[in-house]
Amino acid sequence: MTSIRRLYVMLCGYEVIPKTISTRDKGSRFILSEPICAYLLDTETGWVLLDAGVNPDNIRDPARAKLHYLDHGITLPIVRPQHEMERQFAEIGIGFSDVKHVILSHLHFDHSGYLRHFHHARISIQRREYAFAVNGKTSFAYIASDYDAPDLDWHLVDGDWEAQPGLTLLDTRGHTPGHQSAVVELPESGIIVLPFDAGDLQENFDQEILPGESCDDKAALAAIRRLKRIVAETGGQMILFHDPVAIQTTRLAPEFYG
Ligand SMILES: [Zn+2]
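Basis of the calculations
Per chain, residue numbering runs from 1 following the sequence as it is written. For this predicted model, a pLDDT threshold of at least 70 governs which residues receive local features, and a threshold of 80 or more governs which side-chain atom pairs are given and counted, while totals over whole chains, interfaces and linings are taken from all residues. Side-chain calculation: all heavy atoms of the structure are included, whereas hydrogens and water are not. Only DSSP runs of H or I covering at least 4 residues are called helices, and only runs of E covering at least 2 are called strands; the numbering of each starts at the N terminus. The size measure is the radius of gyration over C-alpha atoms, and the globule rule it meets is 2.2 Å times the number of residues to the 0.38 power. Throughout this description, buried means an accessible area under 20% of the type-specific maximum (1.4 Å probe, protein chains only), exposed means over 50%, and partly exposed covers the range between. Per-residue and other accessible areas were derived by the Shrake-Rupley procedure at a 1.4 Å probe size, with only the shown protein chains allowed to occlude residues. When charges are counted, Lys and Arg contribute as positive and Asp and Glu as negative, whereas His and the chain ends are disregarded. Throughout, a charge is located at the NZ atom of Lys, the CZ atom of Arg, the CG atom of Asp or the CD atom of Glu. The rule for donors is simple: an N, O or S atom within 2.8 Å of the metal counts, and for Na, K and Ca the reach is 3.2 Å. Water is not among the atoms, so a site may look short of donors. Under this scheme a four-donor centre is tetrahedral when all angles range from 85 to 135 degrees, a four-donor centre is square planar and a six-donor centre octahedral when opposite donors are above 155 degrees with the rest from 65 to 115, and any other centre is irregular. We call two strands paired when DSSP finds no fewer than two bridges between them.

Novice: Which parts of the structure should I look at to understand the overall build of the protein?
Specialist: Counting its secondary structure elements, the protein contains 7 helices and 11 strands. Over its C-alpha trace the protein gives a radius of gyration of 17 Å, about what one expects of a compact globule, namely 18 Å for 258 residues. By the burial criterion, 54% of the 258 residues in the protein qualify as buried. Carbon and sulfur atoms provide 50% of the accessible area of the protein, an area that totals close to 11,100 Å². Taken as two groups, the 24 positive and 36 negative side-chain charges of the protein have centres that lie 3 Å from each other.

Novice: Mind showing me how you'd approach the coordination of the zinc ion here?
Specialist: Ideal values for angles at a metal depend on the geometry: 109.5 degrees with four tetrahedral donors, 90 or 180 degrees with six octahedral donors. Summarising the metal site, the zinc ion is bound by the protein donors His106 (NE2), His108 (ND1), His175 (NE2) and Asp197 (OD), whose distances to it range over 2.2 to 2.3 Å. For the zinc ion, the 4 donor atoms in the first shell make angles of 89 to 170° at the metal, a pattern classed as irregular. Here the donor residues of the zinc ion are spaced in sequence according to H-x1-H-x66-H-x21-D. Of this pair, histidine 175 sits in the loop between strand 8 (167-171) and strand 9 (180-186) while aspartate 197 sits in the loop between strand 10 (190-194) and helix 6 (202-206), placing them 22 residues apart in sequence. What makes histidine 175 buried here is its relative accessible area of 8%.

Novice: Would you mind showing me how to read the sheet that holds strand 11 (residues 237-238) here?
Specialist: Two modes of strand pairing occur in sheets, parallel and antiparallel, and in both the strands are linked by backbone hydrogen bonds. Taken together, 5 strands build an open sheet; the order of strands is 7-8-9-10-11 and the sheet is mixed. At either margin of the open sheet sits one strand with a lone partner, and together these are strand 7 (161-164) and strand 11. Two elements, strand 10 and strand 11, share 2 bridges in a ladder whose sense is parallel. Its bridge partner lying in strand 11, isoleucine 192 is registered against glutamine 237.

See below:
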């Protein structure tokens, strides 16, 4: 039996990036506006947040925008008021303090931006990802000031694990050293696979195209194949995190998948 009642998909903004960030060596002339999402679960034991959006302060403050984006040649992400997490939470009827568990796919800036609002919560992440992001030689895709805070309550995990009945996290390392993806079981909708950045776009799965960035190509391809296989074997559906076409037919909060 699943303990998950509802899945809310929150659209937290857009990043404007070369397509090759998502599809290795393919589409170098194209620039995409890719959605940034976060997922909120209403469960029998409380609210669970999967990934933590992008930090609007790093975009709106000119000095921080320069430091984190412009100096690296990155276009500023777009976050409008309707994309802000607190506003979407309010529409659902909760606040940050109602979320007691945050699970992160990885620590790139478009997945960890609101962590500073969750000092009261348990933050679950793969041990490898945490070690790399906090101690490793990371890239501009990691903004340490968003996640390297002393009073966050980290819960470090190794490999596949079940967070609670109906919510399983899978080790899908490859895009980063400790990337994980989620499989959610809902009472009506059945199995929903959330790849996060294991594959940004539908074509990553249809054509088995590697993500633009990977620390281990073999593992990254295995992750794509594993997630595809789960969808096929369970008759489930995949909800993509970064696909600009798929997002337009995804049910967005305050609507939900039940
Ligand atoms: Zn990423």
